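# Inside the fold
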Amino acid sequence: MSFRELRIARAMEFAIHEINNRTDLLPGITLGYQIHDSCGAVSMAIKVAFQFANGMEPFYNDTDSCSKSAAAAVPALVGESTSTLSISMTRILGLFGIPQVSHFATCACLSDKRQYPAFLRTVPSDHHQAAALAKIVKHFGWTWIGAVRSDSDYGNYGMAAFLKAAQEEGICVEYSESYYRTEPRSKLERVANVIRRSTARVIVAFVQSGDMRLLLQELAKQPPPPLQWIGSEAWIIQSEFLTYNMCAGAIGFGIPRSVIPGFREYLLDLSPAQALKSPLLTEFWESSFSCSLIGSSGGARKCDGSEDIRALQNPYTDTSQLRESNLVYKATYAIAHAIHGVICNDTQCDKSAKFTPWQIRAEHLHKTPTPATVLWEVCLMNSRELRFARAMEFTIHEINNRTDLLPGITLGYQIHDSCGAVSTAVKIAFQFANGMEPFFSDTDSCSKSATAAVPALVGDSTSTPTLSMARMLGLFGIPQVSHYATCACLSDKRQYPAFFRTVPSDHHQAAALAKIVKHFGWTWIGAVRSDTDYGNNGMASFLKAAQEEGICVEYSESYYRTQPRSKLERVANVIRRSTARVVVAFVNSGDMRFLLEELARQPPPPLQWIGSEAWIIDPEFLRFNMCAGAIGFGIPRSVIPGLREFLLDLSPAQALKSPLLTEFWESSFSCSLKGSSVGARKCDGSEDIRALQNPYTDTSQLRVTNMVYKATYAIAHAIHGVICNDTQCDKSAKFTSWQVQNWHI
């Protein structure tokens with residue numbers, strides 16, 4: 001079962017249900033549908049096409065239900081997902097005048113109206129993609145390249161168009177190889193060897209996802225030098241290829257992400273009883289939950305209704321992108337509008353109207369607007385850090401609505417982005433300190449000016465920028481409460497007198513990691529760390545604790561992601577050649593990602609990883625197979641009542657008030673709020689933030705977020721202790737930041 005294709009099929013089903021509930025489109029008319037599975041095979045696709053055409057009368061009566069018989073009248077068809085199958089079907093359907101609207105068959109050949117008069121699509125032709133890929137290769141100055149393609153209609157036509165465009169751009173192609181997944185293994189091995197021996201380090205791959213997967217698996221057996229991949233849309237937007245390290249940095253063009261309001265809830269509104277009504281849904285339910293709905297699966301337990309579809313994580317429930325799904329949605333609406341144009345006028349529809357499929361196609365379907373835009377997507381916003389910032393905002397709103405904490409006092413706030421850079425963090429620290437009077441009045445609003453009084457600060461997320469800020473803010477007595485800066489060095493009150501935190505010091509984590517290593521009897525280990533304050537101080541604490549536990553350390557290596565590549569390769573080779581099979585990694589998540597990608601080029605024997613909290617709780621690392629079984633300590637999960645609703649209670653108008661929220665909204669929905677993003681559509685209010693699936697909306701863990709929540713409350717309680725008594729607060733009270741820091745935080 002392809003869960004992704006099932007989601008695409010149910011997008012058509014959802015669109016039809018939506019259309020049937022509308023009063024302005026086909027009023028009084030109920031559309032029906034049939035869903036057929038081509039199984040990705042030409043023979044099956046042709047069989048389905050004949051079923052649609054077989055036994056049909058020359059006229060169709062829309063009062064007949066599609067569900068009455070297999071030979072029911074079909075005025076139009078949505079599909080197929082691939083070019084070769086679409087070509088096979090439209091050759092047959094075109095003879096009967098049955099319009100076919102595809103959502104993902106991109107072959108330029110299908111634009112030939114003489115051969116395929118009844119074929120239409122909501123996805124752009126590969127003619128445009130091929131020209132764009134040639135432009136992007138030329139843009140980066142890559143004039144010596146290799147080319148590989150699927151040996152199919154999609155790959156052959158797409159590559160032909162690309163090679164023509166590349167020649168016009170003055171790009172030289174060293175080789176152009178083809179392969180299809182059903183061909184002999186020797187053909188695949190030959191293509192892989194051509195790539196390995198080639199001097200071209202840039203490869204354009206016009207390849208279907210299944211063929212690309214096999215090619216990458218073959219290349220991984222004997223990895224070539226680093227390659228720059230340029231990919232066609234069939235594989236470049238597939239998240240599964242993130243597991244292949246050699247694809248790091250691959251670029252290409254993709255169908256824009258989109259949001260279909262209500263679609264996610266429709267997909268998840270599925271019970272065992274509903275699943276039993278459809279063979280496809282039955283297969284989906286049984287394979288997803290490893291149980292049997294009808295008691296026919298040998299050895300499988302019987303589904304008992306305890307299965308939770310909302311807990312599933314697979315392509316069916318993944319609505320974070322909705323690229324092809326949106327094109328199915330558009331295709332279904334295109335057909336509905338065409339039928340509406342044939343049998344309806346401005347006020348009503350003729351339920352007894354007779355019409356031929358040619359009328360739908362010739363007179364109306366080709367007029368229906370179904371725009372499709374190609375965008376080159378770039379991710380800029382760290383939505384996890386945005387969630388942390390908004391957690392502080394939520395906490396302040398919560399405090400301002402309380403009557404037992406700072407009654408009658410309204411706290412304000414500013415949010416600054418350090419961009420994870422020391423220079424920016426120091427600049428922000430100077431902004432907080434600059435121009436401040438020795439006393440602060442809480443009647444002043446933080447929003448009045450950039451130099452407003454700041455009695456305390458929450459942040460930063462990492463140790464090195466925090467150290468830089470704490471040195472500066474400590475001189476002015478401005479207390480800083482961090483939620484995630486764990487370096488033990490920050491506990492030194494002589495150097496950092498105004499620094500506090502709601503997360504434990506790494507001194508405790510290092511001791512605990514040594515205990516866990518000793519507990520499992522691992523006395524011969526390797527150690528690797530980030531070459532930062534976090535990694536160096538954390539590893540120093542661990543090595544001291546390990547020595548006390550009688551643990552021997554074969555090596556202790558460091559690396560930082562901005563250091564030369566040769567340093568990373570040297571660390572990876574030390575790990576590969578080592579006899580220690582247990583590795584303790586006190587590493588930032590960014591550095592760990594680089595290290596694992598380098599190790600994957602030539603995988604070492606199986607390793608037991610012991611991880612620090614910076615990466616061990618990050619779900620991103622689940623994609624690295626060598627991390628299977630990794631253990632470590634993490635901040636406890638928590639629940640913050642009301643936070644999720646606060647995060648999701650965000651409209652375009654609210655997002656416009658903040659540059660950070662504006663960037664988040666535009667990057668999440670691929671639209672422009674202010675009309676400033678070149679080529680992006682204008683946000684129209686149809687964007688559904690509840691359908692987003694990214695770290696901003698993920699409130700399933702709330703580990704670090706809860707530390708932000710606690711830090712904000714710590715500051716509020718400290719201010720309360722300075723200016724309030726048991727019953728009320730003195731709104732005119734003057735206080736210094738030292739009072740907040742020394743006496744109450």
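Here's a quick rundown of the structure. Nothing here was measured: the structure is a model prediction, and the numbers come from that model. (Residues numbered from 1 in each chain as written. Predicted model: local features only at pLDDT ≥ 70, side-chain atom pairs only at ≥ 80, totals over all residues. Heavy atoms only, no water.)

### Some words on the overall build of the chain
In terms of regular secondary structure, the chain is built from 26 helices and 24 strands. Compactness check: the chain gives a C-alpha radius of gyration of 30 Å against a globular reference of 27 Å for 745 residues, within 12% of the reference. Principal-axis analysis of the C-alpha atoms gives the chain an extent of 90 × 65 × 60 Å. Expressed as a percentage of its 745 residues, the buried residues of the chain come to 51%. (Helix = DSSP H or I, 4+ residues; strand = E, 2+ residues; numbered from the N terminus. Rg over C-alpha atoms; globule rule 2.2 N^0.38 Å. Buried < 20%, exposed > 50% of the residue type's maximum accessible area, 1.4 Å probe, protein only.)

### Brief notes about the pattern of salt bridges
A full pass over the atoms with the stated rule returns 30 salt bridges. Between glutamate 393 and arginine 390 there is a salt bridge, with its nearest N and O atoms 3.1 Å apart. Linking glutamate 393 with arginine 390, this pair stays in helix α14 (residues 383-400), spanning three residues, or about one helical turn. Arginine 390 shares its class with glutamate 393; the two are buried. A network of salt bridges, in which partner residues are shared, links Arg593, Glu597, Glu620 and Arg623. (Salt bridge = Lys/Arg side-chain N within 4 Å of Asp/Glu carboxyl O.)

### Some thoughts on the packing of aromatic side chains
Evaluated as defined, the whole model comprises 22 aromatic pairs. Look at tryptophan 235 and phenylalanine 241: their rings are 5.6 Å apart centre to centre, the planes differ by 75°, and that puts the pair in the edge-to-face class. Here the aromatic cluster, defined as three or more aromatic residues joined through ring pairs, consists of Phe14, Phe263, Tyr266, Tyr329 and Tyr333. Above the plane of the ring of phenylalanine 500 lies lysine 493, whose end atom (NZ or CZ) is 4.1 Å from the centre. (Phe/Tyr/Trp six-rings, centres within 6.5 Å; stacked < 30°, edge-to-face > 60°. Lys NZ or Arg CZ within 6 Å of the ring centre and 35° of its normal.)

### Quick look at unusual backbone geometry
Backbone torsion omega between glycine 79 and glutamate 80 reads 0°, so that peptide bond is classified as cis. Within the element layout of this structure, glutamate 80 appears in the loop between β2 (77-78) and α3 (83-95). A cis amide bond links glycine 459 to the next residue, aspartate 460, at an omega of -10°. For cysteine 39, which is not a glycine, the phi torsion comes out positive at approximately 60°.

### Concerning the sheet that holds strand β5 (residues 144-150)
Within the open sheet, the five strands sit side by side as β6-β5-β7-β8-β9. Their pairing is parallel. The open sheet is flanked by β6 (172-179) and β9 (251-252), the only strands paired with a single partner. Pairing between strand β8 (residues 228-231) and β9: two bridges, direction parallel. Paired with glycine 231 across the bridge in β9 is glycine 252. Helix α7 (residues 209-221) contacts β5, β6, β7 (202-206) and β8 of the sheet and is inclined by roughly 170° relative to β8. (Pairing = 2+ DSSP bridges. Contact = heavy atoms within 4.5 Å. Axes fitted to C-alpha atoms, helices over the stretch in contact; angles between N-to-C directions.)

### Thoughts on the state of the cysteines
Overall, the coordinates contain six disulfides when judged by the stated rule. The disulfide bridge from cysteine 487 ends at cysteine 489, spanning 2.3 Å between sulfur atoms. Where cysteine 487 bonds to cysteine 489 through sulfur, the torsion about that S-S bond is close to 130°, and the disulfide is right-handed. Within the chain, bonded cysteines paired by disulfides and numbered along the sequence follow the pattern 1-2, 3-4, 5-6, 7-8, 9-10, 11-12. Lacking any disulfide linkage, cysteine 627 is separated from the closest cysteine sulfur, that of cysteine 247, by 18 Å. (Disulfide = S-S within 2.5 Å.)

### Overview of helix α1 (residues 3-20)
Side chains three or four residues apart in an α-helix point the same way, a direct result of the helix having 3.6 residues per turn. Compared with the 26 Å implied by 1.5 Å per residue over 18 residues, the 26 Å span of α1 between its first and last C-alpha is a close match. With 14 of 18 residues buried, α1 is to be regarded as a mostly interior element. (Expected span 1.5 Å × (residues − 1).)

### Description of the nonpolar core
Of all hydrophobic cores here, the largest spans 53 residues; its most connected members are Leu406, Trp665, Ile689, Ile719 and Ile723. Those elements that provide at least two residues to this core are α14, α22 (643-648), α24 (659-669) and α25 (704-723). Here the element with the most residues in this core is α25; it accounts for eleven residues. (Core = buried A, V, L, I, M, F, W, Y, C linked by side-chain atoms within 4.5 Å.)

### Details of the pairing of strand β17 (residues 524-530)
For β17, the buried fraction is high: six of the seven residues fall into the buried class. The pairing of β17 with strand β18 (residues 552-559) spans six bridges and is classified as parallel. Residue pairing in the sheet places valine 528 in a bridge with glutamate 557 of β18. Once you follow β17 into helix α18 (residues 533-548) and on to β18, the crossover reads as right-handed. In this structure, β17 lies alongside strand β19 (residues 582-586), joined through four bridges in parallel fashion. Bridge pairing in β19 places valine 528 opposite alanine 585. (Right-handed = clockwise from strand over helix to strand, strands pointing away.)

### Some points on the sheet that holds β18
The five strands are arranged β18-β17-β19-β20-β21 in an open sheet whose pairing can be described as parallel. Each end of this open sheet is capped by a strand with a single partner; those strands are β18 and β21 (631-632). Against the sheet, helix α19 (residues 565-577) contacts β17, β18 and β20 (608-611), and its axis sits at roughly 160° relative to β18. Taken strand by strand, helix α20 (residues 589-601) contacts β17, β18, β19 and β20, and its axis lies near 170° from that of β20.

### Quick notes on the environment of leucine 31
Structurally, the position occupied by leucine 31 is in the loop between α1 and α2 (42-53). Along the primary structure leucine 31 and histidine 17 are separated by 14 residues, whereas in three dimensions their C-alpha atoms are 8.2 Å apart. If we skip the residues at most four places from it in the chain, leucine 31 touches Ile16, Ile19, Asn20, Leu26, Ala336 and Ile339.

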